[in-house]
Structures are given as C-alpha cells and as structure tokens.
Amino acid sequence: MSLQKYLSEAVGAAFASLGLRPELGQTVPSQRPELAQFQCNGAMAAAKEAGRPPRDIAEDVVAHLSSREEIADIDIAGPGFINLTLTDHALADWANRLSAEDHLGFDPVPTPRTVIVDYAGPNVAKAMHIGHIRATIIGDSLARLFQFAGNKVIRDPHFGDWGFQMGLLIAALEEEAPDLPYFDEGATDFPPAPPVTLEDLQRIYPEASARARNDQEFAAAAREKTVALQRGRTGYRELWRQMKEVSEESQRADFASLGVNFDLWFGESDVRDRLEPLVEKLRSSEIAEVSDGALIVKVDEPDDNRELPPLILESSAGGYLYSTFDLATIQMRVEEQGADLILYVVDRRQSDHFTQVFRVARKTGIAPDEVEMEHIGFGTMNGPDGKPFKTREGGVVRLGDLIAMVIDAAKNRLDEAHLAEEYPEAERERIAMQVGVAALKYGDLVNNRSSDYVFDLDRFSSFEGKTGPYLQYAAVRIKSILRKAEEAGLAAGTVTPPGVGEERDLLIELTNFPEVIERTIELRSPNHVAEYAHVLAGKFNRFYDACHILSEEDPARRASLLALVRWTLATLETLLDMLGIEVPDRM
Ligand code: ARG
C-alpha cells in the first residue's frame, strides 16, 4: 500500500467518525513543503454536506488524529486545510516497507484486464513517418505501464498491408516488369525470392502514389488490383506476400533498435477472411446502405457539433478499406484475444476515423458493451521551423535514418563528456545506441502526449537538463556508488530515521511512486512518469551531496543511506523501463 493511501485512510477514518464520507480524507503531498509534508483539503468539501464551517470540521478531524504516534505535527491553515507532518520514525518504517515490495508500493489492479495496445501501424512499402514514430514510442510506454499494473497486455502493430497501396504497388510493378509470372492469371509457379528490394519499394511506392493522383486510368487499375488481391488472385497474393516480407524485415530491425517488441505481429491482412462475411452480414442488415455505389454506414448523431461523414465498408469498386479492416480487427480481438480494453495509439488527425469505427462497432454489436475502445491521440513532432519534422530535402523522415541520427549524436556527446572512452568498441556502440534511443524517447515522452513539440536533437541528447541521457547517467552513477560500496564490503541495511533534510526529502519523494504510476495510467500520458524521474534524480543529487555515504562512520547510518541509494536505483530503473529506456551498467 502506498503511504498516501495509508494516510488517506487514517484521515478518512477521522471524517467517518464525524459521520462524513471517508473519501474526504484524501491526503496528498503538500503544495507548500516548507510548511508540512502532506495536506488534506477534505474539510472544505465537507462543509457544504455537513452544513458546518470548514474550520470546525478540520478541528474535529485534527483532534481525532492528534493521538496517532506516527504524526509529528498536524495543524490547520487558512479556511480549513489540514497540514500534516510525519515523524522521522514513521517515515523510516514506510521506507523499509515500500522499498522491499516488488512493485515499490504500487498495488496491482484487483481485476486484471486483457488490454490490447494497437500502436506503431507502419504500412508496407511506405517509410514510417513521425506519426508512426510517436505512436511507437508512446504505445510502447503505455503497454509497459499497463503490464506493470498487472494487466494482460497484447501488443499489436496493425501493419497497413491490405489496402490501396498494395494495388498501387502491383499496378506499378506490372508496368515495369510485365513478364513476371505474378501477373499471369493462370500461373501457379513463382520464384522463391522477391522481385523487389526495399529500395525498389521505397522508390516505386511514392512514384505510384503521386501518379495515381493525376492519372485516372492508373488509379482505376490500382483499385482493380486491390480488389483482385483482396479476393484472392493467386499471383497477386504471392507478390503481396513477398513485398510484405521485404518491407517488414526492415521494420522489424527498426523496432529492434528501439527495443520495441510486439506480441502479435498482425496486420490488416490477418483479418482478410473475416471481411466478406462481416460486410455481407451488414449489407443485409438495416444499418448499412448503398450510396454512390459504395456500401456505407451513417454514424452522425444529433449532438455532434460538426458533420461526421459515413463510414465506408466497401468502395464502389468492390474493395474493402481501412475502416473495414479496423471493424474486422475489433471482431477478432474480441473473439480471439478476449479483449477488455483496446487502446489505439494513433496520430490525433485520425480521430474522426476512430469515432466512425467505434460507433459502428457498437451499433453492430461487433464490440459488446463491456469492451472499451479508446483512441489515444497525440500531437506532432515538429522541426525547428515549427512544422512537422521533415528531412533536409523536405521528405518523410525514415525511422531507420532517425535512429542513425540519434545514435550519432549520442556518440558525439559521449566523446564530449569523455564517457565510455576506454571501453571495448562493442560496448561503446551499445552504450551509444542506448543513449541515442533514450534521447529520442525521453524527448518525446516528457511532453504531454496531446501537445506538439519540437525535435531538438542537441537538447535531447545532452547529459544535462531534463533529458533521457541525464537520467541514464544518474542511474549509472548510482550503480557505481553501489558497486563501490560492495567492493568495500559495505551492505545496505535497515532505513533509520533520516538525519538531514535532503535525506528526508528523497525518502518522501520515493514514497510518491505509486500515485505517479496511477496518474500516468489514468491519463494515459507517460509524461508524468518522465517528469517524476527527473524530480527524483534531482532529489537524489542533493541527497548525495549532503550525505557522505561511503565515508560515513556510523555503520547503521551508512547501511541506511545505502538502502536509500538502492531504493532510488530500483525506482529510477523501473521508471526508465516504463519509458522504454535502458540503463547501461557503466558509462
Ligand atoms: N497504418 C495506419 C496509418 O499509417 C495506422 C494504423 C493505426 N491502427 C489502426 N488500428 N487503425 O495511418
């Protein structure tokens, strides 16, 4: 149990003894730490319900609590704020209790849910853009958080591999190399190796996509091929499979460098067999209607403040679309994965799409009432010009290039700071990669997810300031303190009552961990964890300056200080892990 919950229960019991709701006892860290450690504002809320002045109520609550021996000080400020400070003994007791717990005081959810996190969403043959990069970083962090909380988490990238871009690729390739057997309707024998490389795909796709915008005939051909692929034409299926393989191989490598892993490596195409039955069922229902040759479902509701276009189930050419795939995927997730909650970590520009899909999923019963679906949108990563981040040539930033860029920056920073200088080359490389990835992820996650932010590699990769590398370095330094202690034969022991202010501050900060995790999960915004890690590292630095741990002569006090060091490291590593950031052993 967290310290804040324990205090809230104690103060709540005092409210209850006055015949008031125990929830009024909610106790939180003080906004004015120079006055007290904790505060409860419940008397103000109680005043109305009780028909008594808040100060009166606060006085009764305080009277009820003042005999508790863990409380050093309790008084009333202003109109009825209850300020509370614990004894150093009580703090030490809590430290010994929380630091020994697996979850550092966080109570796992009482009823674990199956949570599907749908994130990353790269498309076959298209370079991942910054939307996919943010989705990957935020989605991975949320998956880690929900898992830490005790849920069953299933990560699924939902590759874009079944839509119009496949038809475009097939059409373009057929023009380039019409003799390949894939285009021959009757062929059954195909070369084992793909006819294209990743470079080919990345050249062909943008060309084809640009061309389809002006060339009606080409666009129609691509649509036809999309439909043929979806309906199972053998040569197209084989070509599709091979193109997908080429493309996914490189995407998997990028994910691996980011330390991102999925449980299901599914794409839109994994629900291909569900599409026709689903669409046919809806076609014969009241819900779907034909409009301009397409099969649609109207989703607008009287209270909408702007017009929401209908969802298109089947195009006039007979093809299935992005929304159709999402509906069939919900059906699969409910039936096969037993989803209770589905989080879609996708660019907020897709919010209409998700409103459409969620409404249709509910209306049709594809998503039963008890299954929750949420779109976790986010803002854009901008360049220094304040516009969405692009390459110097104005093109889409490839994830692979971005990773290379941050690793390069990390190498320079390590050189500058004379870190990892004499390590074996392989270790240096590994550290540079960990630091680069930390720069990228923290630079993103420290922002509230719905805000836009500027990608500033210089700032993100610095070992100073609010950055990933700063926190990594802080954790590495703590590891080295513990290593030195071990070498000197010194062990951590029981936490004793704090001797100086910096020690007390660190201890109290550490007890906030459970509430930070709760808030982060509730708001689905990892910036609270990122922020807290930074505050904690700062408090640790001040503690470390004030307390000379290794030269401390009193063995009990030294063992206690080492216990705080160890607890800080465990907390910091857990926080960084939730952000997808690895801590090297040394630097
Ligand atoms: N492939 C999509 C895109 O690039 C993102 C997929 C997001 N997930 C989903 N279930 N729709 O825009």
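Thresholds applied
- Residues numbered from 1 in each chain as written.
- Predicted model: local features only at pLDDT ≥ 70, side-chain atom pairs only at ≥ 80, totals over all residues.
- Heavy atoms only, no water.
- Helix = DSSP H or I, 4+ residues; strand = E, 2+ residues; numbered from the N terminus.
- Buried < 20%, exposed > 50% of the residue type's maximum accessible area, 1.4 Å probe, protein only.
- Contact = heavy atoms within 4.5 Å.
- Areas by Shrake-Rupley, 256 points an atom, 1.4 Å probe, with all protein chains shown as cover.
- Near = heavy atom within 4 Å.
- Polar contact = N/O pair within 3.5 Å; in protein donor to acceptor, adjacent residues only side chain to side chain.
- Phe/Tyr/Trp six-rings, centres within 6.5 Å; stacked < 30°, edge-to-face > 60°.
- Lys NZ or Arg CZ within 6 Å of the ring centre and 35° of its normal.
- Expected span 1.5 Å × (residues − 1).
- Arc of directions from axis to C-beta.
- Salt bridge = Lys/Arg side-chain N within 4 Å of Asp/Glu carboxyl O.
- Pairing = 2+ DSSP bridges.
- Axes fitted to C-alpha atoms, helices over the stretch in contact; angles between N-to-C directions.
- Lys, Arg positive; Asp, Glu negative; His and termini not counted.

Examining the overall build of the protein
Then comes step 1: Counting its regular elements, the protein contains 20 helices and 13 strands.
Then comes step 2: The principal-axis extents of the C-alpha atoms in the protein amount to approximately 85 × 70 × 40 Å.
Then comes step 3: The burial tally for the protein puts 54% of its 587 residues in the buried class.
Then comes step 4: Considering only contacts in the protein between residues 6 or more positions apart, those separated by 24 or more positions represent 73%.
Then comes step 5: Taken as a whole, the protein presents about 25900 Å² of accessible surface, with 48% of it coming from carbon and sulfur.

Focus: the site of the ligand
Then comes step 1: Taken together, Asp-118, Gly-121, Asn-123, His-132, His-158, Tyr-322, Asp-326, Tyr-344, Val-346, Gln-350 and Phe-354 are the residues near the ligand.
Then comes step 2: Contact distances for the ligand include 2.9 Å between a nitrogen atom and a backbone N or O atom of Gly-121.
Then comes step 3: Residue Asn-123 places a side-chain N or O atom 2.7 Å away from a nitrogen atom belonging to the ligand.
Then comes step 4: Alone, the ligand offers 350 Å² of accessible surface; in the complex the protein occludes 90% of this.

Points about the packing of aromatic side chains
Then comes step 1: According to the stated counting rule, one finds 20 aromatic pairs in the structure shown.
Then comes step 2: The interplanar angle of 75° and the centroid separation of 5.0 Å between the aromatic rings of Phe-255 and Phe-262 together place this pair among those described as edge-to-face.
Then comes step 3: With centroids separated by 5.8 Å and ring planes inclined at 40°, the aromatic side chains of Phe-354 and Phe-358 adopt a geometry described as tilted. Placement of the pair is Phe-354 and Phe-358 together in helix H12 (residues 351-363), with a separation of four residues, close to one helical turn.
Then comes step 4: Among the aromatic residues, those joined into a ring-pair cluster are Tyr-119, Phe-159, Phe-255, Phe-262 and Trp-265.
Then comes step 5: In this structure, Arg-233 is placed above the aromatic ring of Tyr-236, and the distance from its NZ or CZ to the ring centre is 4.3 Å.

Overview of the environment of Leu-510
Then comes step 1: Among the structural elements, Leu-510 can be located in helix H17 (residues 501-511).
Then comes step 2: Since its relative accessible area comes to 1%, Leu-510 is described here as buried.
Then comes step 3: Spatially, the C-alpha atom of Leu-510 lies 37 Å from that of Phe-389, the residues being 121 residues apart in sequence.
Then comes step 4: Beyond its immediate sequence surroundings of up to four residues, Leu-510 is in contact with Tyr-532, Leu-536, Leu-564, Trp-567, Thr-568 and Thr-571.

Examining the environment of Val-397
Then comes step 1: Following the sequence through the fold, Val-397 ends up in the loop between strand S12 (381-382) and helix H13 (399-416).
Then comes step 2: Residue contacts for Val-397: discarding those within four places in its chain leaves Met-128, His-129, Ile-133, Phe-389, Lys-390, Thr-391 and Leu-402.

Considering helix H3 (residues 54-65)
Quick reminder: α-helices carry 3.6 residues per turn. Residues three or four places apart thus point the same way.
Then comes step 1: Between its first and last C-alpha, H3 extends 17 Å over 12 residues, near the 16 Å set by a 1.5 Å rise per residue.
Then comes step 2: Buried residues of H3: Ile-57, Ala-58, Val-61, Val-62 and Leu-65, and no others. The arc that holds the buried residues of H3, viewed along the axis, is 135°, so those residues lie on one side.
Then comes step 3: The secondary structure elements touched by the buried residues of H3 are helix H1 (3-17), helix H2 (42-50), strand S3 (71-77) and strand S4 (81-86).

Focus: the side chain of Gln-230
Then comes step 1: You can see Gln-230 is positioned in helix H8 (residues 216-230).
Then comes step 2: The contacts of Gln-230, once residues within four sequence positions are left out, are Trp-162, Arg-237, Gly-319, Tyr-320 and Phe-325.

Brief notes about the pattern of salt bridges
Then comes step 1: Summed over the entire model, instances satisfying the criterion amount to 49 salt bridges.
Then comes step 2: Between Arg-524 and Glu-374 there is a salt bridge, with its nearest N and O atoms 2.8 Å apart. Placement of Arg-524 in the loop between helix H18 (513-523) and helix H19 (527-546) and of Glu-374 in strand S11 (residues 372-376) is noted, with a sequence separation of 150 residues between them.
Then comes step 3: Within the structure, one salt-bridge network assembled from shared partners comprises Glu-176, Asp-200, Arg-203 and Glu-207.

Points about the sheet that holds strand S8 (residues 294-297)
Then comes step 1: Strand order in the open sheet made by the three strands is S7-S8-S9, with antiparallel pairing throughout. Since the sheet does not close on itself, it has two edges, and those belong to strand S7 (288-291) and strand S9 (311-314), each with one partner. The average undirected angle you get between the axes of adjacent strands in this sheet is 45°.
Then comes step 2: Most of the contacts of helix H10 (residues 272-283) go to S9, to which it runs at about 115°, and overall it touches S7, S8 and S9.

Considering the side chain of Asp-254
Then comes step 1: Tracing the sequence through the fold places Asp-254 in helix H9 (residues 234-257).
Then comes step 2: The buried charged residue Asp-254 lacks any salt bridge, with Arg-398 as its nearest oppositely charged partner at 8.4 Å.

Quick notes on H19
Then comes step 1: Over its 20 residues, H19 runs 29 Å from end to end, which matches the ideal 28 Å to within 8%, given 1.5 Å per residue.
Then comes step 2: Packing partners of the buried residues in H19 comprise helix H5 (130-148), helix H14 (425-445), helix H16 (468-487), H17, H18 and helix H20 (555-578).

Examining the sheet that holds strand S5 (residues 114-119)
Remark on secondary structure: sheet strands pair via backbone hydrogen bonds, oriented parallel or antiparallel.
Then comes step 1: One open sheet holds the four strands; their spatial order is S6-S5-S10-S11, and the pairing between them is parallel. The sheet is open, and its two edges are formed by strand S6 (152-156) and S11, each paired on a single side. Put simply, the sheet's adjacent strands are angled 20° from each other on average, direction ignored.
Then comes step 2: Examined bridge by bridge, S5 and S6 share five bridges and lie parallel to one another.

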